[in-house]
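Analysis of the macromolecular model
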Number of protein chains: 2
Amino acid sequence: MTFEEAYRHLCQWSAEIAYVGSAMAICHWDQRISIPPKGHQHRIGLNATLAKVRHERLTDQRVGDWLGLVEESELLADPLSVPAVNIREWRRSYDRMRKIPEDLAVAIARAAAQGESVWEESRPRSDWEKFEPCLDQLVSLKRELADALEYEDEPYDALLDDYERGATAGSLVPVFDRLGKGLKALLERIGASSNGPGSALKKLNFPVEDQVVFAREVAAQLGYDFQAGRLDVSAHPFTTGIGPGDARITSRYDDTDFSEGFFAVIHESGHAMYHQGLPLEHWGEPICRPVSLGINESQSRMWENMVARSLPFWKYLYPKAQERFHSLRDVDLKQFLRSINEVTPGLIRVGADEVTYNLHVQLRFELEVALTRNDLQVADLPDAWNEKMVDLLGVAPPDHASGVMQDVHWSSGSIGYFPTYTLGNLYAAQLFSCARREIGDLETLFERGEFEPLLQWLRAKIHSQGSRYEPSGLIKVVTGEELNPQYFLDYLEQRYSAIYEV
Amino acid sequence: MTFEEAYRHLCQWSAEIAYVGSAMAICHWDQRISIPPKGHQHRIGLNATLAKVRHERLTDQRVGDWLGLVEESELLADPLSVPAVNIREWRRSYDRMRKIPEDLAVAIARAAAQGESVWEESRPRSDWEKFEPCLDQLVSLKRELADALEYEDEPYDALLDDYERGATAGSLVPVFDRLGKGLKALLERIGASSNGPGSALKKLNFPVEDQVVFAREVAAQLGYDFQAGRLDVSAHPFTTGIGPGDARITSRYDDTDFSEGFFAVIHESGHAMYHQGLPLEHWGEPICRPVSLGINESQSRMWENMVARSLPFWKYLYPKAQERFHSLRDVDLKQFLRSINEVTPGLIRVGADEVTYNLHVQLRFELEVALTRNDLQVADLPDAWNEKMVDLLGVAPPDHASGVMQDVHWSSGSIGYFPTYTLGNLYAAQLFSCARREIGDLETLFERGEFEPLLQWLRAKIHSQGSRYEPSGLIKVVTGEELNPQYFLDYLEQRYSAIYEV
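It should be emphasised that the depicted structure is a prediction, and the values quoted were computed from it without experimental measurement. (Residues numbered from 1 in each chain as written. Chains lettered and ligands numbered in written order. Predicted model: local features only at pLDDT ≥ 70, side-chain atom pairs only at ≥ 80, totals over all residues. Heavy atoms only, no water.)

To continue, consider the overall build of chain A. When its secondary structure is counted, chain A shows 20 helices and three strands. On C-alpha atoms alone, chain A measures out to a radius of gyration of 23 Å, which is about the 23 Å that the 2.2 N^0.38 rule sets for 502 residues. By principal-axis analysis of the C-alpha atoms, chain A measures approximately 70 × 50 × 50 Å. Across the 502 residues that make up chain A, the buried fraction comes to 57%. Intrachain contacts of chain A at a sequence separation of at least 6 include 73% that bridge at least 24 residues. (Helix = DSSP H or I, 4+ residues; strand = E, 2+ residues; numbered from the N terminus. Rg over C-alpha atoms; globule rule 2.2 N^0.38 Å. Buried < 20%, exposed > 50% of the residue type's maximum accessible area, 1.4 Å probe, protein only. Contact = heavy atoms within 4.5 Å.)

Below you can see the structure in the form of structure tokens.
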């Protein structure tokens, strides 16, 4: 076999796995959007079968030989060429897969399925005693997984790498330290401000059909291609990149709350525009994947927060919003802007504002590192959680449902996932600052409703690169420096000192 | 390995193939209902990959050994027991699969994909010259397939068996002869009637939203469980049985035509109720499949025609229809009934009434048998078509689009499929007559809006039997006699002599 033939085999193998992934994505979307109530039970076996089909292909015995051949070839000459990137990524995932004992993989999958179902049942009742043994087992299994995958400094690094390649606990600790200090200082000034939280939008009415039409129009104007996607309603907003020409988003609406539905649409559009901008001519190959959860999140956060919660954006859009929603006619732009940028320390991460959000993540990151190090036992987790909430955010959960049991992630063993949310915010601010330097006055463009220059910049710098670089390398190449949380702190300082006049 | 272990392996193997089939059904439904315009190209590779995954499993080398073990066991003691039926069906499909050379299977799949795409392009232009070579190749390949599959009397039988197990050209010829004579005689009397076609519904308005609500209500009342299904709009109405708790239907609506949307919903509900009534505790095993296309079609036709186009049914429903649709308030029940039962010989099968419909099928059946025998060449097909149309229906197609090129079936090589439509009508009439004998006065029940007795009878006699019997055996067991077209002729005679007063 020549190395060209081996490379073709690898491409076909990779594409088939991707196509099975697309089928899984369609079934997942269907299960969130279209399935009849009695159809759920059947999906358990269906999802397991597709996962098995995918796993069989991922562990195809022939891949090692093919990789051996292409790795000796001239295809690696330029490490940033498409074939070299593909080979690098195939090798990484193939080796990773082979390090995980079959028994452990099965045990984790089973514990994750059970954990999620126990969590769903016990969370509404704040029943920690019921959930604790599941989580305890998952943490043990994840420690075992970290050992199997090997690591240099911290077991946490082996888990984190799955979500944000190359990131380590050691590199994140100083980032969270610096960020946390800055955020707490800003939060204190905001708390002391006499311009209290904006309640201008409280108790107003926003008919859901109007919200959908309005959000669709705005998403389309930002650059989300509805010919290659669609917008539906689901219990939790999400984006799914099914394949070229098909990246779908969902949102949920509340007719007394403008922000929830609207900003979810913009957030998910940011993810979906990333999918729509990937190098789709290489679909099925690793180069055509979002590089990491953090970079993916930077795209949603930039459009949601840096663009769509800004003054220039609403200078352009507010008259149109007032035209669509009668209830906004008595709310002036300044009141509106303060309402959609209200800062209040709260208990729940998913409802948190931009300033406090990352303190929620810091809490989870610190607890996760301690758990994987065995410095903290699952039995002691609720107390540790509650103490840290008071320390970081100044609020104490009245129960576990709004405390340690609030997020789904741990129940399915997703340990190491949370930091990618904060990395998304940090990347977004650093990239946005760079875009402003390179494109020029973005604010004036937004005031005129011109978003194409920013989208084109992201297309060129981020989307079309796919997985060519590692996330940290991509940030360095695009912005000229390493990840620097100061950009995010500066961005918050500028926005919130203006809004709260502090 | 014990025979019990072998049987468990077979069940698991069978269920995995069924789950992959469910995923294909979901992707197919999505492609008809939800896909964004730019997503279609990607689906070609996705569909091909799932088909490949399914084929790999179908041809699993271990199946022969497992079958060998269970076939020597006591599981076959009662040939109508669930295990015996499953083993019989696994053996049948396994042997069939092994008779088809890989090359031939690939050639047919490729020619079918190409044929359909050429047909789609050339049909609107009536471009027979473009389509002819594709069809010629498909007919040759299908002759080859028939030889590979082996047959006793006619090559056609090997193809027909795929759609209606056990049916043969030899058994269908006398059925179509008798049927054709009876239909032509009835048609002549109707044509000579002074009570011309009912045009009471022409140019009336039926708002689409009202049609959807009305059809949903009626389908639910007939017994279609919307908790285990859903109703959507698609270009061509269809039913898809995804799995237990999930059998979906679609329809299409025209606001100037009440019949099209309404009867499509009832027709598809008939299919879906069959799926909902299968022995679902055995889902994934052959016993839990619709036994044949003909039996499946009998369920849709019975509800659509025997029930929902009958006088007793509308005695019950017409006041509700008049309440929903203002435009019906000036149309009396007799006019309405004649309109929805209008008989007119036409060019197009899918738009044909109950009386002329089976003459369209007879034409295709006779041409297909001649083609597979090599008595007719594809080049001579258009002339043969046109002659037969005049002979059977008294109309001559002005072009190929409304003649030989009207149906999609041949373009994908589906030769032997058409007769199942007529078998569906014949089975439906024979079963309905038997139901009336056993349940009692169905007409009085329908007048009172009571459909549960008929559904329960079908559940017990047909649905819950799954694939236990062959189609002809099922009809014999349920009705006590072989397939007999006289029931259908009697049914038509009774209905149309009343409506047309002939």
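So, about the pattern of salt bridges. In the structure shown here, the tally under the stated rule is 77 salt bridges over all chains. Asp30 of chain B serves as the salt-bridge partner of Arg248 of chain A, at 2.8 Å between the closest nitrogen and oxygen. One end of the pair, Arg248 of chain A, is in strand S3 (residues 246–251); the other, Asp30 of chain B, is in helix H1 (residues 3–33), on a second chain. By sharing partners, the salt bridges in this structure join Arg88, Glu89, Arg92, Arg165 and Glu470 of chain A into a single network. (Salt bridge = Lys/Arg side-chain N within 4 Å of Asp/Glu carboxyl O.)

Here the focus is the relation of the copies chain B and chain A. Take chain B, turn it by 180°, move it 0.0 Å along the axis, and it overlays chain A with an RMSD of 0.0 Å. Interpreted geometrically, this transformation is the action of a two-fold axis. (Least-squares fit on C-alpha atoms with pLDDT ≥ 70 in both.)

Residues and elements named next belong to chain A. Looking at the secondary structure, you find Ala111 in helix H5 (residues 102–122). On the basis of relative accessibility, which here comes to 5%, the residue Ala111 falls in the buried class. Every residue in contact with Ala111, bar those within four places of it in the chain, is listed here: Gln137, Leu138, Leu141 and Ser411.

What follows concerns the sheet that holds strand S2 (residues 239–243) of chain B. Residues and elements named next belong to chain B. Ordered by their spatial adjacency, three strands build an open sheet running S1-S3-S2, and the pairing between neighbours is mixed. Strands with a single pairing partner mark the edges of an open sheet, and in this sheet they are strand S1 (231–233) and S2. When the angles between neighbouring strand axes are averaged without regard to direction, this sheet yields 25°. When S2 meets strand S3 (residues 246–251), the two strands line up antiparallel, connected through four bridges. Bridged to Gly241 within S3 is Ala247. Contacts from H1 reach S1, S2 and S3 within the one sheet, and its direction differs from that of S2 by about 140°. (Pairing = 2+ DSSP bridges. Axes fitted to C-alpha atoms, helices over the stretch in contact; angles between N-to-C directions.)

Packed helices, taken two at a time, are described by the angle between their axes plus the distance between the axes. Residue and element names in this part refer to chain A. For the pair helix H6 (residues 128–149) and helix H7 (residues 155–163), the least separation of the axes is 8 Å and the interaxial angle reads 85°. As judged from the angle between their axes, H6 and H7 are roughly perpendicular. Here Lys142, Leu145, Ala146 and Leu149 of H6 lie close against H7, whose contacting residues are Pro155, Ala158, Leu159 and Tyr163. Of the residues belonging to the contact of H6 with H7, the class tally is seven nonpolar, no polar and one charged. (Parallel < 35°, antiparallel > 145°, perpendicular 65-115°, else oblique. Nonpolar A, V, L, I, M, F, W, Y, C, P; charged D, E, K, R; others polar.)

Right, let's get into the pairing of S3 of chain A. All names here are of chain A. Burial runs high along S3: six of the six residues are buried. Here S3 shows two buried faces, one formed by Asp246, Arg248 and Thr250 and the other by Ala247, Ile249 and Ser251. The turn linking strand S2 (residues 239–243) back onto S3 is made up of two residues, and Gly245 within it adopts a positive phi angle of 80°.

It is worth spelling out the interface of chain B and chain A at this point. At the junction of the two partners, chain B supplies 40 residues and chain A supplies 40 residues. Together chain B and chain A conceal approximately 3000 Å² of surface at their shared face, both sides included; 59% is due to carbon and sulfur atoms. Counting every contact that joins chain B to chain A gives ten salt bridges. Residue Asp246 of chain B is joined to Arg43 of chain A by a salt bridge in which the shortest nitrogen-to-oxygen separation is 3.6 Å. Contributing elements (two or more residues each) for the side of chain B that touches chain A: H1, helix H2 (40–58), S2 and S3 of chain B. (Buried area = accessible area lost by both parts, 1.4 Å probe.)

Residue and element names in this part refer to chain A. Counted by the stated rule, this structure contains 64 aromatic pairs over all chains. With a centroid separation of 5.6 Å and 50° between ring planes, the pair formed by Phe206 and Phe258 is classed as tilted. Pair noted here: Phe206 is in the loop between helix H8 (169–192) and helix H9 (208–222) and Phe258 is in helix H10 (residues 258–277), with a separation of 52 residues, a long-range link. Here Phe206 falls in the buried class, since its relative accessible area comes to 0%. According to the relative accessible area criterion, Phe258 is buried, its value standing at 2%. Just above the ring of Phe418 sits the side chain of Arg364; from NZ or CZ to the centre is 5.3 Å. (Phe/Tyr/Trp six-rings, centres within 6.5 Å; stacked < 30°, edge-to-face > 60°. Lys NZ or Arg CZ within 6 Å of the ring centre and 35° of its normal.)

Quick look at unusual backbone geometry now. All names here are of chain A. For Glu150, which is not a glycine, the phi torsion comes out positive at approximately 70°. Checked against the element boundaries, Glu150 lands in the loop between H6 and H7. Positive phi outside glycine occurs at Glu501, with the angle close to 50°. Mapped onto the secondary structure, Glu501 falls in the segment after helix H20 (486–499).

A word on the packing of H9 of chain A against H10 of chain A. Residue and element names in this part refer to chain A. As a packed pair, H9 and H10 sit with axes 10 Å apart at the nearest point and diverge in direction by 30°. As summarised for this structure, H9 and H10 are arranged roughly parallel, according to the angle between their axes. Classified by chirality, the crossing of H10 by H9 is right-handed. Contact with H9, carried on its side by Gln211, Phe214, Ala215, Val218, Ala219 and Leu222, involves Phe258, Gly261, Phe262, Val265, Ile266, Ser269 and Met273 of H10 and no other residues of that element. A class-by-class count of the residues in the contact of H9 with H10 yields ten nonpolar, three polar and no charged. (Left-handed = near helix turned anticlockwise from the far one by under 90°.)

Given 3.6 residues to a turn, an α-helix orients residues that are three or four positions apart in the same direction. Residues and elements named next belong to chain B. Helix length check: helix H8 (residues 169–192) (24 residues) gives 34 Å between terminal C-alpha atoms against 34 Å at 1.5 Å per residue, within 8%. Taken residue by residue, H8 has Ala169, Leu172, Val175, Phe176, Leu179, Gly180, Leu183, Leu186, Leu187 and Ile190 as its buried positions. Residues of H8 that are buried make contact with helix H7 (155–163), helix H14 (354–373), helix H16 (419–439) and helix H20 (486–499). (Expected span 1.5 Å × (residues − 1).)

Moving on: the nonpolar core. In a soluble, globular protein the nonpolar side chains are often hidden away together inside. Core analysis: the largest hydrophobic core is formed by 148 residues, its most contacted members being Phe262, Trp303, Phe313, Trp314 and Leu454 of chain B. Counting residues per element, this core draws most heavily on helix H6 (residues 128–149) of chain B, which supplies eleven residues. Setting aside chain neighbours within four positions, we find Phe262 of chain B in contact with Phe214, Ala215, Val218, Phe313, Trp314 and Leu317 of chain B. The next biggest cluster of nonpolar side chains, apart from the first, holds 129 residues, and it includes Ala219, Ala247, Val343 and Phe432 of chain A. (Core = buried A, V, L, I, M, F, W, Y, C linked by side-chain atoms within 4.5 Å.)

On to the side chain of Ser73 of chain B, then. Turning to its location among the elements, Ser73 of chain B is positioned in the loop between helix H3 (62–71) and helix H4 (82–99). A polar contact of 3.0 Å, which involves the side chain of Ser73 of chain B, links it to the backbone nitrogen of Leu75 of chain B. (Polar contact = N/O pair within 3.5 Å; in protein donor to acceptor, adjacent residues only side chain to side chain.)

Quick look at helix H16 (residues 419–439) of chain A now. All names here are of chain A. A rise of 1.5 Å per residue sets the reference length of H16, with its 21 residues, at 30 Å; its end C-alpha atoms lie 29 Å apart and thus fit the reference within 8%. With 17 of 21 residues buried, H16 is to be regarded as a mostly interior element. Gly440, located one to two residues past H16, shows a positive phi value of around 110°.

A word on the sheet that holds S2 of chain A. Residue and element names in this part refer to chain A. Within the open sheet, the three strands sit side by side as S1-S3-S2. Their pairing is mixed. Here the strands that pair on one side only, and so sit at the sheet edges, are strand S1 (231–233) and S2. Here the strands of the sheet are splayed against their neighbours by 25° on average, with no regard to which way each runs. Its contacts with the sheet put H10 on S1, S2 and S3, and the angle it makes with S3 is roughly 165°.

All names here are of chain B. Structurally, the position occupied by Arg143 is in helix H6. For Arg143, which is buried and forms no salt bridge, the nearest opposite charge comes from Asp136, at a distance of 6.1 Å. Ignoring anything within four residues of it in the chain, the contact list for Arg143 reads Leu371, Thr372, Asn374, Leu376 and Gln377. (Lys, Arg positive; Asp, Glu negative; His and termini not counted.)

Per the counting criterion, the structure on display carries zero disulfides over all chains. Among the cysteines around Cys27 of chain A, which has no disulfide bond, Cys27 of chain B carries the closest sulfur, lying 5.1 Å off. (Disulfide = S-S within 2.5 Å.)

This paragraph deals with the environment of Leu337 of chain A. All names here are of chain A. Within the secondary structure, Leu337 sits in helix H13 (residues 333–340). Taking the relative accessible area as the measure of exposure, Leu337 reaches 9% and is therefore buried. Separated by 222 residues in the primary sequence, Leu337 and Gly115 have C-alpha atoms spaced 41 Å apart. Discounting chain neighbours no more than four positions away, the residues touching Leu337 are Arg309, Ser310, Leu311, Trp314 and Ile499.

Function-wise, these values are silent; they only describe arrangement.
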